[in-house]
Amino acid sequence: MSRIGKMPISIPANVEVTLGEGNLVTVKGPKGTLTQQLSDKMTLTREDGVIHVTRPNDAKENRALHGLTRTLLNNMVIGVTEGYKKELDVNGVGYRVAKEGKKLNMNIGYSHPVVMEEPEGITIEVPSPNKIIINGTDKQKVGQFAAEVRGKRPPEPYKGKGIKYTDEVIRRKEGKTGVKK
């Protein structure tokens, strides 16, 4: 049995979960509302503040979907209660970021500034010229947008210049050795 899939999902008091036709799940909480179509092969049962995910048999596809379905549902519950956050650092001489309205304006070593539009359901904060904080309720959207921002100038291994996650460790390389004699 899937160790993740058999764990129950506890629903906090301020969260409302609606299980619809064909496993269409809607989760409402203090931070917003999320709706997702989960696999109709899984059975979702709700009993006194807890949701259980069960699978019909031990076929390979069902075993794979069991843990995935439970994790997606749990991520929705966490998203509407606490939300998700990704922090990025901008390293480099002259590299800086600024927020102008709903746009993220980045000067990251190109001949032109890179401008990215803030997607729906996501908020961007720029507390300092070299730090970006991305917040939202949908874990997948937050991670995807953070990856797109990082992809505009990924960190390089020699000087560490670029945009990196705050908790990311960059393996540094040694540069060229000295002049031959």
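Residues numbered from 1 in each chain as written. Predicted model: local features only at pLDDT ≥ 70, side-chain atom pairs only at ≥ 80, totals over all residues. Heavy atoms only, no water.

Peer 1: Quick question: what am I supposed to make of the sheet that holds strand β8 (residues 96-100) here?
Peer 2: Spatially, 3 strands are ordered β8-β9-β10 in an open sheet, and the strand pairing comes out antiparallel. The open sheet has two edge strands with one neighbour each: β8 and β10 (114-117). For this sheet, the mean angle separating the axes of adjacent strands, direction not counted, is 20 degrees. As judged from the 5 bridges shared by β8 and strand β9 (residues 103-107), these two strands associate in the antiparallel manner. (Pairing = 2+ DSSP bridges. Helix = DSSP H or I, 4+ residues; strand = E, 2+ residues; numbered from the N terminus. Axes fitted to C-alpha atoms, helices over the stretch in contact; angles between N-to-C directions.)

Peer 1: Honestly, the pattern of salt bridges in this entry has me stumped. Any pointers?
Peer 2: Opposite charge on two side chains permits pairing when their charged atoms draw close. Counted by the stated rule, this structure contains 8 salt bridges. K41 is paired through a salt bridge with E61; the nearest N and O atoms lie 2.7 Å apart. Taken as a pair, K41 in the loop between β4 (32-37) and β5 (43-47) and E61 in helix α1 (residues 60-81) lie far apart in primary sequence, 20 residues in all. Between K102 and E118 there is a salt bridge, with its nearest N and O atoms 3.4 Å apart. With K102 in the loop between β8 and β9 and E118 in the loop between β10 and β11 (122-128), this pair connects stretches of sequence that are 16 residues apart. Residue classification places K102 among the exposed positions, given a relative accessible area of 54%. One salt-bridge network, held together by shared partners, links K85, E87, D89 and K131. (Salt bridge = Lys/Arg side-chain N within 4 Å of Asp/Glu carboxyl O. Buried < 20%, exposed > 50% of the residue type's maximum accessible area, 1.4 Å probe, protein only.)

Peer 1: Honestly, the pairing of β9 in this entry has me stumped. Any pointers?
Peer 2: For a regular strand, the rule is simple: side chains alternate between the two faces of the sheet. Where β8 folds back on β9, the antiparallel hairpin that results is connected by 2 residues, among which G101 adopts a positive phi of roughly 70 degrees. Pairing of β9 with β10, which is carried by 4 bridges, proceeds in the antiparallel orientation. Note that in β10 the partner of N105 across the bridge is V115. Between β9 and β10, which pair antiparallel and follow one another directly, the connecting turn spans 6 residues, one of which, G109, has a positive phi of 90 degrees.

Peer 1: What is the right way to look at the environment of G121 in this model?
Peer 2: Within the element layout of this structure, G121 appears in the loop between β10 and β11. Through-space distance from the C-alpha of G121 to that of L73 is 18 Å; in sequence the pair is 48 residues apart. Setting aside its immediate chain neighbours within four residues, G121 contacts N135, G136 and T137. (Contact = heavy atoms within 4.5 Å.)

Peer 1: Mind showing me how you'd approach the nonpolar core here?
Peer 2: Within soluble globular proteins, side chains that are nonpolar tend to cluster in buried spots. Counting residues in hydrophobic clusters, the biggest one holds 20 residues, and the most contacted among them are L88, M106, I132, I134 and V149. Elements represented by at least two residues in this core include exactly β7 (84-91), β9, β10, β11, β12 (131-136), α2 (139-151) and β13 (162-165). Here this core gets 4 residues from one element, more than from any other, and that element is α2. Ignoring any residue separated from it by four or fewer positions in sequence, one finds L88 in contact with N130, K131, I132, I134, A146, V149, R150, I163, K164, Y165 and T166. Counting residues in each nonpolar core, the second largest holds 17 residues, with L38, L44, L65 and L73 among its members. (Core = buried A, V, L, I, M, F, W, Y, C linked by side-chain atoms within 4.5 Å.)

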